[in-house]
There are 2 protein chains.
Amino acid sequence: MMSNTSSQQKFSNYLELVKETNNYPYPTHKPYKQGHWLLRLNNTSNSVVGILELRVVELLKEFKLSSVGFAEPVFHFSSDELKEENKFVTFSEFYDSYEKRTQIIKAILTYWRDNSLHESLKGWRNELYPVIPYTGSLKEIVFEIERVGSFLFGTSSFGVHLNGYTFVDGEMKMWIARRSPTKQTWPGMLDNMVAGGIALGEKVSTTVIRECEEEASIKYEISSKAKSCGSLTYITHSKYGIAPETQYIYDLELTPDFVPTPNDGEVGGFQLASIEELKEYLLKGEFKPNCGLIVIDFLIRHGYIKPDDDEPQYRDILLNIHRAFEFNFE
Amino acid sequence: MMSNTSSQQKFSNYLELVKETNNYPYPTHKPYKQGHWLLRLNNTSNSVVGILELRVVELLKEFKLSSVGFAEPVFHFSSDELKEENKFVTFSEFYDSYEKRTQIIKAILTYWRDNSLHESLKGWRNELYPVIPYTGSLKEIVFEIERVGSFLFGTSSFGVHLNGYTFVDGEMKMWIARRSPTKQTWPGMLDNMVAGGIALGEKVSTTVIRECEEEASIKYEISSKAKSCGSLTYITHSKYGIAPETQYIYDLELTPDFVPTPNDGEVGGFQLASIEELKEYLLKGEFKPNCGLIVIDFLIRHGYIKPDDDEPQYRDILLNIHRAFEFNFE
C-alpha cells in the first residue's frame, strides 16, 4: 500500500511530520541563536513567559507610551546585544501585577493592530489566553493576552484534545472530524474528534466536558468517561510567530452505535477511520499539523506504531512531542 | 490516607521521585558545566556516544597504551579546557571500526579493574552492552562495552519494561515483582513484572518475549499479546557514573486467573497491587527508582494520575521521562 500511495505522500515518515510542528530550534542548536529574545517578568530564571522575534523587539523598542496614554516605561532590554547568550526583554518593576501587565499588553497590541504594524494582528480573535511562565502550572497565570497576540509574544498556550474511538467487529476505529471549509484556520483539514483551548481559570477536565458538548454534541454521561492519558508539548515557529503549546490528551471509548454530531459550526463533519486510514491521512498531511501529533501519540500508546517495525525513529517521535520548555540559561 | 502515611513517605509528590532518577543537569542549566566531557567517535555533532566525569578523563589521559600492548594513541582531548562550552574526548582516526573500539575499551577497563583504579569496576558483570550514538537508533551499534564500564563512559543503554495488569471485580490491579534479597543491584526493592536489557543485536519485541519467559515464566501465547506503549528516556548521575537510558514500555493485560512465577532467581516473588497500593509504594520509595518511573507513566496513560487533581506538575513528569539526549552544541 505504501508504495502505491507514495506519490501523494507529503511525509516519508511520522518523525518528519512531528518535526514540522515541533520546528523551533532547541537551545543546544546553532539556529536557536537567531536573534530571538526571551520575555521575562523579572530577573529570575523561572519567570520566562515568552520568546520574541527580532521584529517584535524592534516594535517594542519603537513603541511610544504616550500614544496609548501610559507613562511608566514597560520594558528593560538587556544591553549586551552582541552576546551569544540569551537576550532578555524584562517587564519593568511598575508592571508587577496581573492587571497592569494585561492592560499594557492589550494597549500595545491594539495600537499595533490599529496602525497596521503587524500583519498577523489582522486576524484578531477577541479571545483571551492565559499567560503562564514556561515552567509554571495552569494555576500561575501572570497576565491575559489576545489569542493572536500570543504568537507575537511567544507565550505558552494550553488546550485539550480528545481521541474518540470504538471497536467495530473487534477492530479499533477512531472518530475524526473534518474542519469546516469556512473555519479561519486550517479550513477543511482533518482534526481530532474534540479539541479546544483551556479558558481562563478553567480546569482541564472541565474543558474536556465543555468542548465535547460544543463540538460533537456529546453529553456529560458519556464525556465524563473520557480518560486522561498524558500531555504533549512542542514549539511551532510559523509566519504567525512562535507557539509553545501544551495539549492535555484524553481517550474516550464509545459504543459502536454512538455517532458524534457537529454542534457549533466549526466542524464540517465526522468520519470513522480505520488504523490504516489514519496512517495514510497522517503521511498525506491531511491532518491539521498538531492534530496529527495527537493521532501519532494515540497510535504509539495503543501499539499501532511499534518500536521495531513501523518506525525506526520511535523514540525521537516521543521526544519531539514531549518537549521541555528549557530556555533558562542560568 | 495521605496524611496517615506521610511520616513514612520518601517523596512528597511523583515529580520529586522522577527527578531523583532524571537527575543529570540539562545543558541549559549551570551545573551542567561541571567539568564533564563528551565522548565522540569523530568530529561530527551526531557522533556523541558518552559523557565522562573529570576523574575518568584524568584516568584516560594518564593511561599508558604500552601497559596493554597497544601502540596507536586512542583519544584526542579538546585543548581549550577553560572554555565554558563542551569539552570533547574524541576517538583518534585509527579507531574507526566496531572491532577496534570494542577491543581498546575492553583493554582499558580491564586494566583499570585489575589495578583497582576505579571503585565501581569491582562490580564487573561479564555482560556486554551495545553502544549507540545518543541520537542514533538501535541498529547503529558503534562498539560494545562491559555493562559496569558503560556508567564510566556514560554510554546509552536500552531496555524493556512490561506492566502486567488485570481486572479483579472491575478494578484494575498490577502485577509487580519484589527483587531477590541477594540481587546485586537494588536488592529487595519493588520492580515491574518483567524488565531487562536489550542484548546485542536483539529486536525490542524479541527482548520482551525472552524476558517474559526468563523472569516470570510467561509463555509466548501470552507474552506475544504485550502491546508497545512508548519509550521513556532519562539520565541518572550516581556514584556509579552517568547513565542515559532508554526503556521501551509494554502493557500486557492478563486474565484474572493468571499468576506469574519466578524463573531465573532474580525475582523474590510477585504480588498483585491495587492502584492505591502502587501510589503508596511510589511515594514511600519502595520501587527501584527507574521502575517507579515506568509505573508513573502507566498510571498517567491509564488515567489514574490526572492533570487536575492528583498532580500539579503533571506535564513536568512527562518531560522528565521523555528527556531528549541533547548534548550537541553545534
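Residues numbered from 1 in each chain as written. Chains lettered and ligands numbered in written order. Predicted model: local features only at pLDDT ≥ 70, side-chain atom pairs only at ≥ 80, totals over all residues. Heavy atoms only, no water.

Visitor: Hey, could you run me through the domain arrangement of chain A in this one?
Guide: Accessible area lost upon the coming together of the parts is a frequently used measure of interface size. Residue and element names in this part refer to chain A. Structurally, chain A comprises domain 1 (30–153) and domain 2 (159–230 + 248–321). Its C-alpha centre places domain 1 at a distance of 32 Å from the equivalent point of domain 2. Counting residues at the interface gives eight residues for domain 1 and seven residues for domain 2. Counting across the domain 1 and domain 2 interface gives zero salt bridges. Seen at the junction of domain 1 and domain 2, the total is zero residue pairs in polar contact (both at pLDDT 80 or more). Taken together, the residues that form the side of domain 1 that touches domain 2 break down as five nonpolar, one polar and two charged. (Domains from an automatic or database assignment. Contact = heavy atoms within 4.5 Å. Salt bridge = Lys/Arg side-chain N within 4 Å of Asp/Glu carboxyl O. Polar contact = N/O pair within 3.5 Å; in protein donor to acceptor, adjacent residues only side chain to side chain. Nonpolar A, V, L, I, M, F, W, Y, C, P; charged D, E, K, R; others polar.)

Visitor: Just to check I follow, could you spell out the interface of chain A and chain B for this structure?
Guide: Counting from both sides, the interface comprises 46 residues of chain A and, opposite them, 46 residues of chain B. Of the roughly 3700 Å² buried between chain A and chain B, counting both surfaces, carbon and sulfur atoms make up 51%. Applying the counting rule to chain A against chain B returns 12 residue pairs in polar contact (both at pLDDT 80 or more). Among the secondary structure elements, those contributing two or more residues to the side of chain A that touches chain B are helix H6 (204–216), strand E11 (227–238), strand E12 (241–253), helix H9 (289–301) and helix H10 (314–320) of chain A. For the side of chain A that touches chain B, the element with the most residues is E11 of chain A, which contributes six residues. (Buried area = accessible area lost by both parts, 1.4 Å probe. Helix = DSSP H or I, 4+ residues; strand = E, 2+ residues; numbered from the N terminus.)

Visitor: Please clarify how unusual backbone geometry should be interpreted in this entry.
Guide: It is generally the case that most residues other than glycine have a negative phi and that most peptide bonds are trans. Residue and element names in this part refer to chain A. Unusually for a residue other than glycine, Asp169 sits at a positive phi of about 50 degrees. Position of Asp169 relative to the elements: it lies in the loop between strand E7 (157–168) and strand E8 (171–179). On the basis of relative accessible area, Asp169 is assigned to the exposed category, the value being 79%. For Trp186, which is not glycine, the phi torsion reads 50 degrees and is therefore positive. As for its position among the elements, Trp186 is in the loop between E8 and strand E9 (190–192). (Buried < 20%, exposed > 50% of the residue type's maximum accessible area, 1.4 Å probe, protein only.)

Visitor: What am I meant to see in the environment of Phe11 of chain B here?
Guide: All names here are of chain B. Looking at where Phe11 falls in the secondary structure, it is placed in the loop between helix H1 (2–5) and helix H2 (14–21). The class for Phe11 is buried, based on a relative accessible area of 7%. Expressed as a C-alpha distance, the spacing of Phe11 and Leu282, which sit 271 residues apart in the sequence, is 8.1 Å. For Phe11, the residues in contact, after removing those within four places along its chain, are Glu16, Leu17, Glu20, Leu282, Leu283 and Gly285.

Visitor: Whenever I open this one, the pattern of salt bridges confuses me. Can you help?
Guide: Working definition: two side chains of opposite charge can pair if their charged atoms are close together. Scanning the model with the defined rule gives 30 salt bridges over all chains in all. In this structure, Glu286 of chain A and Arg178 of chain A form a salt bridge, with 3.6 Å as the shortest nitrogen-oxygen distance. Highlighted residues: Glu286 of chain A in the loop between helix H8 (275–284) and H9 and Arg178 of chain A in strand E8, separated in sequence by 108 residues. A salt bridge links Glu211 of chain B to Arg210 of chain B; the nearest nitrogen and oxygen atoms lie 3.2 Å apart. Assessed through its relative accessible area of 7%, Glu211 of chain B is described here as buried. Given the relative accessible area of 26%, Arg210 of chain B is considered partly exposed. Taken together, the shared-partner salt bridges in this structure form one network comprising Glu202, Arg210, Glu211 and Glu214 of chain A.

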